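Here is what each chain is made of, one letter per residue.
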Amino acid sequence: MNILTLMTFIPVVGAIVILCLPRDKDNWARWGAVVTTAIPLMMAVSLFINFDRTQDEGFQYEVIANWIPSFNIQYHVGVDGISITMVLLTALLSFLCIFASWGITKAVKAYFALFLLLDAGMMGVFVSLDFFLFFVFWEVMLLPMYFLIGIWGGPRKEYAAIKFFLYTLLGSALMLISILALYFNTTDPLTMTNTFDMVMMMDQANHSEWLRGGQIFGQSVPLVIWTALFIGFAIKIPAFPFHTWLPDAHVEAPTAVSVILAGVLLKMGTYGILRINFPMFPEATAQLAFYFLAAVGVVNIVYGALCAMAQTDLKKLVAYSSVSHMGYVMLGMASFTEQGINGAVLQMFNHGTVTAMLFLLVGVIYDRAHHRNIDGFGGLAGVMPVYTGFVAIAFFAALGLPGLSAFISEALVLLGSWQQNPMLTMIAALAVILSAGYMLWALQRIWLGPLNEKYADIEEINRREIFTLVPLAALVIYLGIYPTAVLDLMGASLNSLNGVVSKFL
Amino acid sequence: MEIGLTHFLVVSTMVFLAGLFCVLTRRNAIGILMGVELILNSANLNYLAFSRYSSVNYDGQMFAIFVIMLAAAEAAIGLAIVLGIYQTFHTIDVEATDTLRL
Amino acid sequence: MQEVVHTATHAVTVHTVSYLRWIPLLPLLGAIVNGLGGVWIQKHLGKKVVGVIACAMPALGFVLALRAFVDLVGLESSERILLDTVFPWIHVGILNVDVAFQVDPLSAVMILIITGVGGLIHLYSMGYMDDEPAYWRYFAYLNLFTFAMLTLVLGDNLLLMFVGWEGVGLCSYALIGFWFSEWANASAGSKAFIVNRVGDFGFMCATFLLFWSLEGVDHPTLVFREITQYAPLLEGHVFWGVSTVTLITMLMFVGATGKSAQIPLYVWLPDAMAGPTPVSALIHAATMVTAGVYMIARLSVLFDMAPMTGNVIATVGAATAFFAATIGTTQFDIKKVLAYSTVSQLGFMFIAMGVGAYATGVFHLMTHAFFKACLFLGSGSVIHAMHHEQDMRKMGGLKKWMPITYLTYLISTFAIAGFPPFSGFFSKDEILWKAFSGDHKIVWFVAVCAAAMTAFYMFRSVFMTFWGENRSDAHTREHLHESPWLMTVPLGVLAFLALFSGFLNIPHALKGGANFDAWLAPVVEHGGHGGHGDAHHFDIVEYLLMGFSVLVAFAGAWLAYAMYVTKSIAPERFADIAAGRPYRTIFNKYYVDEFYDAVVIRGVMGLAGISSWFDSNIVDGIVNGAAWVVRMLSQLYGLIDHYIVDGAVNGVATVTSFVGGRVRRLQTGNINAYLYVIVLAFVGMMVARIW
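## Notes on the overall build of chain C
Inference 1: When helices and strands are counted, chain C shows 27 helices and five strands.
Inference 2: A compact globule built from 691 residues should have a C-alpha radius of gyration of about 26 Å, whereas chain C, at 38 Å, is more than 25% larger.
Inference 3: The dimensions of chain C, computed from C-alpha atoms along their principal axes, are 150 × 75 × 60 Å.
Inference 4: Partitioning the intrachain contacts of chain C with sequence separation of at least 6 by distance along the chain shows that 80% fall at a separation of at least 24.

## Side note on the overall build of chain B
Inference 1: The helix and strand inventory of chain B stands at three helices and zero strands.
Inference 2: For chain B, the α and β elements follow one another from N to C terminus as α-α-α.
Inference 3: Taking 13 Å as the expected radius of gyration for a compact globule of 102 residues, we find that chain B reaches 17 Å, considerably beyond that expectation.
Inference 4: Once the C-alpha set of chain B is aligned to its principal axes, its extents read approximately 55 × 25 × 20 Å.
Inference 5: Considering only residue pairs separated by 6 or more positions, chain B has 55% of its internal contacts joining residues 24 or more positions apart.
Inference 6: Summed over its atoms, the accessible surface of chain B is roughly 7,000 Å², and 71% of this surface lies on carbon and sulfur atoms.
Inference 7: Looking at charge distribution, chain B has the averaged site of its 4 positive side-chain charges lying 5 Å from that of its 7 negative ones.

## Regarding the side chain of Ser405(A)
Inference 1: As for its position among the elements, Ser405(A) is in helix α17 (residues 405-420).
Inference 2: Once residues lying within four places of it in the same chain are set aside, the contact partners of Ser405(A) are Asn350(A), Val354(A), Val476(A), Leu479(A) and Gly480(A).

## Regarding the arrangement of the chains
Inference 1: Counting contacts across all two pairs of chains that touch, the top pair turns out to be chains A and C.
Inference 2: Chain B makes no contact with chain A, the minimum C-alpha separation between the two being 47 Å.

## Considering the environment of Gly376(A)
Inference 1: Mapped onto the elements of the fold, Gly376(A) is located in the loop between α14 (338-369) and α15 (380-383).
Inference 2: In this structure Gly376(A) comes out as buried when scored by relative accessible area, which is 16%.

## Considering the interface of chain A and chain C
Inference 1: Listed per partner, the contact involves 63 residues of chain A and 48 residues of chain C.
Inference 2: Taking both partners together, chain A and chain C bury about 4,700 Å²; carbon and sulfur atoms supply 75% of that area.
Inference 3: Interface area lost by chain A to chain C is led by Leu415(A), Trp418(A) and Gln444(A), which between them contribute 14%.
Inference 4: Summed over the shared surface of chain A and chain C, the result is one salt bridge.
Inference 5: A salt bridge links Asp620(C) to Lys163(A), with the shortest nitrogen-to-oxygen separation between them at 2.5 Å.
Inference 6: Of all elements in the fold, only α6 (157-184), α12 (282-309), α14, α15, α17, α18 (422-447), α19 (463-481) and α20 (484-502) of chain A reach the threshold of two or more residues within the side of chain A that touches chain C.
Inference 7: No other element matches α18(A), which puts 18 residues into the side of chain A that touches chain C.

## Focus: the domain arrangement of chain C
Inference 1: Domain boundaries in chain C define domain 1 (314-587) and domain 2 (592-678).
Inference 2: Here the C-alpha centre of domain 2 of chain C lies 80 Å away from the C-alpha centre of domain 1 of chain C.

## As for unusual backbone geometry
Inference 1: In the segment running from Phe240(A) into Pro241(A), the intervening peptide bond is cis, with an omega of 0 degrees.
Inference 2: Inspection of the secondary structure puts Pro241(A) in the loop between α9 (221-236) and α10 (245-252).
Inference 3: In this structure, the amide linkage connecting Ile263(C) to the following residue, Pro264(C), adopts the cis form with an omega of 5 degrees.
Inference 4: Within the element layout of this structure, Pro264(C) appears in the loop between α9 (244-259) and α10 (268-271).
Inference 5: Despite not being glycine, His90(B) has its phi angle at roughly 55 degrees, a positive value.
Inference 6: Relative to the helices and strands, His90(B) is located in the segment after α3 (59-89).

## Digging into the packing of aromatic side chains
Residues and elements named next belong to chain C.
Inference 1: Applying the stated criterion across every chain, the model contains 77 aromatic pairs over all chains.
Inference 2: Members of the aromatic cluster, joined through ring pairs, are Phe414, Phe419, Phe422, Phe459, Phe463, Trp467, Phe554 and Tyr561.
Inference 3: If you follow Lys428 out to its NZ or CZ, it ends over the ring of Phe348, 5.2 Å from the centre.
Inference 4: Cation over ring: Lys441 sits above Phe436, and NZ or CZ is 4.5 Å from the ring centre.

## Observations regarding a nonpolar patch on the surface
Inference 1: A surface patch of nonpolar side chains, amounting to about 1,100 Å² of accessible area, comprises Trp628(C), Val629(C), Met632(C), Leu633(C), Leu636(C), Tyr637(C), Leu639(C), Ile640(C), Tyr643(C), Ile644(C) and Val645(C).
Inference 2: Locating Leu636(C) in the fold gives a position in helix α26 (residues 592-663).

## Considering the pattern of salt bridges
Residue and element names in this part refer to chain A.
Inference 1: Per the stated rule, a full pass over the model turns up 20 salt bridges over all chains.
Inference 2: Across the pair Lys163 and Asp248 runs a salt bridge whose closest N-O atoms are separated by 2.8 Å. One end of the pair, Lys163, is in helix α6; the other, Asp248, is in helix α10, with 85 residues separating them in the sequence. When sorted by exposure, Lys163 lands in the same class as Asp248, which is buried.
Inference 3: Ionic pairing is found between Arg372 and Asp313, a salt bridge with its closest N-O pair at 3.1 Å.

## Quick look at the environment of Met62(B)
All names here are of chain B.
Inference 1: Inspection of the secondary structure assignment puts Met62 in helix α3.
Inference 2: For Met62, a relative accessible area of 47% gives the class partly exposed.
Inference 3: Taking the C-alpha atoms as reference points, Met62 and Ser51, separated by eleven residues in sequence, lie 9.7 Å from one another.

## Quick look at the confidence of the model for chain C
All names here are of chain C.
Inference 1: Predicted confidence across chain C gives a mean pLDDT of 87, with 97% of residues reaching 70 or more.
Inference 2: A low-confidence stretch, residues 1-9 stays under pLDDT 50, and its non-local contacts, those more than four residues away or across chains, total four contacts.
Inference 3: Confidence drops under a pLDDT of 50 for residues 529-535, and excluding neighbours within four residues, the segment shows twelve contacts in the predicted structure.

## Section: the interface of chain B and chain C
Inference 1: With eleven residues of chain B at the interface, the matching set in chain C holds ten residues.
Inference 2: Interface area, chain B with chain C, both sides summed: about 890 Å², of which 58% is carbon and sulfur.
Inference 3: There are zero salt bridges connecting chain B and chain C.
Inference 4: There are one residue pair in polar contact (both at pLDDT 80 or more) connecting chain B and chain C.
Inference 5: Here the element with the most residues in the side of chain B that touches chain C is helix α1 (residues 5-25) of chain B; it accounts for three residues.
Inference 6: When the residues that make up the side of chain B that touches chain C are grouped by side-chain class, the tally is six nonpolar, one polar and four charged.

## So, the packing of helix α2 (residues 26-50) of chain A against helix α3 (residues 81-100) of chain A
All names here are of chain A.
Inference 1: Two elements in contact, α2 and α3, have axes whose closest approach is 9 Å; the angle formed by their N-to-C orientations is 155 degrees. Relative to α3, the element α2 lies roughly antiparallel. α3 is crossed by α2, and the crossing has left-handed handedness. Facing Arg30, Ala33, Val34, Thr37, Ala38, Pro40, Leu41, Ala44, Leu47 and Phe48 of α2, the residues of α3 in contact are Ile84, Val87, Leu88, Ala91, Leu92, Ser94, Phe95, Ile98 and Phe99.

## Quick word on the pairing of strand β1 (residues 60-68) of chain A
All names here are of chain A.
Inference 1: Inspection of the sheet shows β1 paired to strand β2 (residues 73-79) by six bridges, in the antiparallel sense. Of the residues in β2, the one forming a bridge with Ile68 is Ile73.
Inference 2: Count of turn residues in the β1/β2 antiparallel hairpin: four residues, of which Asn72 carries a positive phi of about 60 degrees.

## Thoughts on the pairing of strand β3 (residues 95-103) of chain C
Residue and element names in this part refer to chain C.
Inference 1: Across the nine residues that make up β3, a large majority, seven, are buried.
Inference 2: Pairing of strand β2 (residues 82-92) with β3, which is carried by nine bridges, proceeds in the antiparallel orientation. Looking across to β3, one finds that Leu83 is bridged to Gln102.
Inference 3: Following β2, the chain reverses through two residues before pairing antiparallel with β3; Gly93 in that reversal takes a positive phi of roughly 55 degrees.

## Structural notes on the sheet that holds β3(C)
Inference 1: Judged by pairing direction, the sheet is mixed, and its three strands sit side by side in the order β1-β2-β3 (chain C) without closing on themselves. With one partner strand each, in any of the chains shown, β1 (15-16) and β3 of chain C form the two edges of the open sheet.

## Side note on α18(A)
All names here are of chain A.
Inference 1: Taking 1.5 Å of rise per residue, the 26 residues of α18 would be expected to cover 38 Å, and the 37 Å separating its terminal C-alpha atoms lies within 8% of that figure.
Inference 2: Among the 26 residues in α18, 22 count as buried, and that is most of the element.
Inference 3: A positive phi of about 80 degrees marks Gly449, the residue just after α18.

## Let's talk about the environment of Val364(A)
Inference 1: Here Val364(A) is to be found in helix α14.
Inference 2: Not counting residues up to four positions away in its chain, the partners in contact with Val364(A) are Tyr387(A), Ile461(A) and Glu465(A).

Criteria and thresholds
- Residues numbered from 1 in each chain as written.
- Chains lettered and ligands numbered in written order.
- Predicted model: local features only at pLDDT ≥ 70, side-chain atom pairs only at ≥ 80, totals over all residues.
- Heavy atoms only, no water.
- Helix = DSSP H or I, 4+ residues; strand = E, 2+ residues; numbered from the N terminus.
- Rg over C-alpha atoms; globule rule 2.2 N^0.38 Å.
- Contact = heavy atoms within 4.5 Å.
- Areas by Shrake-Rupley, 256 points an atom, 1.4 Å probe, with all protein chains shown as cover.
- Lys, Arg positive; Asp, Glu negative; His and termini not counted.
- Charge placed at Lys NZ, Arg CZ, Asp CG, Glu CD.
- Buried < 20%, exposed > 50% of the residue type's maximum accessible area, 1.4 Å probe, protein only.
- Buried area = accessible area lost by both parts, 1.4 Å probe.
- Salt bridge = Lys/Arg side-chain N within 4 Å of Asp/Glu carboxyl O.
- Domains from an automatic or database assignment.
- Phe/Tyr/Trp six-rings, centres within 6.5 Å; stacked < 30°, edge-to-face > 60°.
- Lys NZ or Arg CZ within 6 Å of the ring centre and 35° of its normal.
- Patch = residues over 30% accessible without salt bridge, like charges linked within 9 Å, V, L, I, M, F, W, Y side chains within 5 Å.
- pLDDT = per-residue confidence, 0-100.
- Polar contact = N/O pair within 3.5 Å; in protein donor to acceptor, adjacent residues only side chain to side chain.
- Nonpolar A, V, L, I, M, F, W, Y, C, P; charged D, E, K, R; others polar.
- Axes fitted to C-alpha atoms, helices over the stretch in contact; angles between N-to-C directions.
- Parallel < 35°, antiparallel > 145°, perpendicular 65-115°, else oblique.
- Left-handed = near helix turned anticlockwise from the far one by under 90°.
- Pairing = 2+ DSSP bridges.
- Expected span 1.5 Å × (residues − 1).

Here it is, written out as structure tokens:
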């Protein structure tokens, strides 16, 4: 059976099995979740090893099967250089998050079942190559998220959950319209019928005249559909000004859900743009990228950093730092240079690991102190040295210290975008000062300075928490030293995609 | 004199008219039911007669059997209803039981 | 056509070796061992083992550096490049950089200083920090710093250099805030890192601009060898209306002002004295702060092409040298005096860089590393003996108790003040001469004033600390003692170097060979104008100027003697000029920190506050507003639903029930009546049919 299919559906099986367990066997549910995420993780490792790094066209591990033949909807999955990194990230974070959720005591079975369903949805989004399938997974992932925030969240969980849900649904609606527009205007050259197949849609020869150059609302059709798709994805990224659901969702969500939210879900937005906007509408991309990607990206970077600086809730600070860091992804994609686009996808991966660490670390402190007020601590480095060591790695990675992974991607993004927009790049580079400011200032207030006596005997980080952090810290350091490990996975596909788009500059 | 189709039809018409008269004039519910039985039987007569004199197959006879069965069922249910009416109104006079709901 | 010739003549010969990687990797190994296992080692094997592991790494590095040096000497002067490519680092499209270490005459000097002085300071630290519980952490940081600094100077491309560039910033952050439970120390660390980040912003932008400019001439690269080779192609290119090279070098210089504490970004260095004293000696005097100087020397080919940047650098350097020196004359904290003197001396190095005398600047970098490290370690020795008292007003007469410390401190003071034949004389005087002969007369004059003040405040510190009556309290005095050999041996070695290293570069005017200049020439001289006014200029003017600067140094020293030993001139006479306002201004460091705090920090924080307010009130307000509008609309639709849609439905029902009410009269319930209707209707239909 196809490895991607297994990776997607083993968590579903796990979810069903967990739901069928006896009522009082919470630990069985936990270990069941461990097993059903560990298997995809191992598969991901084998995928990483066996992936053909030289193939620049088409997809690997592809499967096509009929699903709803009357509408030409297929079960079509596969990976290329763009999605493989996300698949790896999803598999890793899903596995680690199970351990980060060990402390959940409320409705344990339901929690893990929903979590596994979420995993399946995420994996499905990244591997599906049929637009209908993509959309189904996109929505599948939405529902568990709603419940995970809405049931296991903090004090304002209902507000945060409904805000997240409605916001994302708005994006989905725009996406659905665009999908239908694409469906009715894309023809499979073999059967001469309309198709949902993304690979077909990526070839403009299959597009109808209307889709290629028609007019709608007095605008060119590709530009309108591009924009609709972009807004759908921008909400997920989240791009300014659609980002305000993120701080709320993060603050209320339990730790593991925050990790998944920031580590994987945000990437779906940028992934969607790369997977759909770029190859399907290369000309529109070239026309609109400056306004919608580069400028918005820079606003994200600087504005997110400034907002982060003003926060008093540590988790909110990390949430805004995500807004800032995702801006680099957008800026890099808009550069139309190989450095920029590779940097963007590498930044997606690196942000996944770094921000996951940050949220896990915030979770550690929240579990002990039951608050996250930055000014409410002080001097924790003296009583929690190991914990502080991890904090230092994560914080310095987040502020882009060379030698750690995020530096490579940020430097590549800035280097690449300089070619296209030097002025914007300079403004974006200013954020390296701001990010040092807010990260170090928070670090100083919580971990350095005189010890707050209230936390004189706070418990040091435990083995389970260390277990969740070590793989991420190792990745952060390893990819800082040897980024080629990931760069050569995606290089071939991204460079050919960049070639397709930059033809229209 | 040879007995032909016409004789059967005349008899059946008379039975039908007797039944119709009975149904229209009796005030006793059971009487009405009996009138209905007469009408049904006149129809049966017609069926058998036509079957015997004009057709080669047994359709008419089959229908007659159905009608007999139906009549039996109808009589059973009808009598049960009459019983119900009697229990409610303590009479089976259809002139007296014109209340459609209680 | 000329470019082609140029490229051809600059074809670079590289000698590949494989031991260079161990120079930075050994300290990294030490940092990993002590960082991860230090707690265990310290508990079970003792602090000594931690210290020995940490000291062994730079010591071994020094041996390897010597080997590299010897290898270089054995090569033709134009071929002196050793290269060790470890693994491919970032290969994306036209960007190709490797983790590769390169030793040429310039980096050879640097690694010798870093491992040599660094090794001595590691040794010293074993004595200085012996009562520190987090001994292992200190040495892990120190080793990590050595690794980062070596990466900075050995990296063969700008990005790898940047790794070291920020890596030293990280270690500096960690070591300044080493005693992090004091709020002030933690703040000083953050301040150092953030101010450095401002400079790094310039460095990054310069890197990007350089890369794409070189791409514009078909040679995109970030490798130093190739930059040197292809940079001349950028001559005449314009970016944003400015000469490209000028813009690149200006941005690079912004980076240098951050790391090397020049105006306007010098503010972090005095605060950095919050760290342990050996750290101040290693990072904030001998090595890290000179990174900016090294970087300019490394990219001297670009700076040579941008005379305007040169003028800016020389001016900023002179201004920094002067202003830092004025502040230095007023401070009472012995480490603060040395800190400002470091800023001032760095200003001298930048003057040299600005006037194109790169070799001279690097030479001053080296002698400064020796004497300033010695001074800092000497002050550390004093502080150690005085139970962490740093105020010179509470010292005095220490030469009686601490003869070795006193002697080494004095030698280094002579060196920094520029007395012949101490090393500082050769290096500083050369800078002054290069500035003068390069037609930077104003820069020269300002620098001479700074030199006079240097002599004054350094002798002031000697007199206040070691001479006169002891002013400490009785308890401290009882415990005054000379430091252990672990600390005095490095002092002795450094004092020796401070005394004699000047002879490495005796100028031609004094019948010397200018060997150091010749050694660096392959790296820092690029055809063109090379060092200003070399060889041919040593006429009477040079001797006169030399004599003048010695005189000035004497004058400074004499003033200090008069004010603090014989007390024939009361310091108050200067302090009280114009009601003490100038003095207070200088004593408070010209209120620059306050100015930055008020304008920059508060400005950014204000902006952050506004952004956050905007976010939660305007952006989120619009979102919530949209939700509110939708809710209101749905209320409205609710009303429509109730009165119109539902009204229609109910209306239909009403009509139906009215009609039903009329029609139901027909339903008599009388079975006979129904039957009559049926029969009559049937008959009627029959009649109608027949008729």
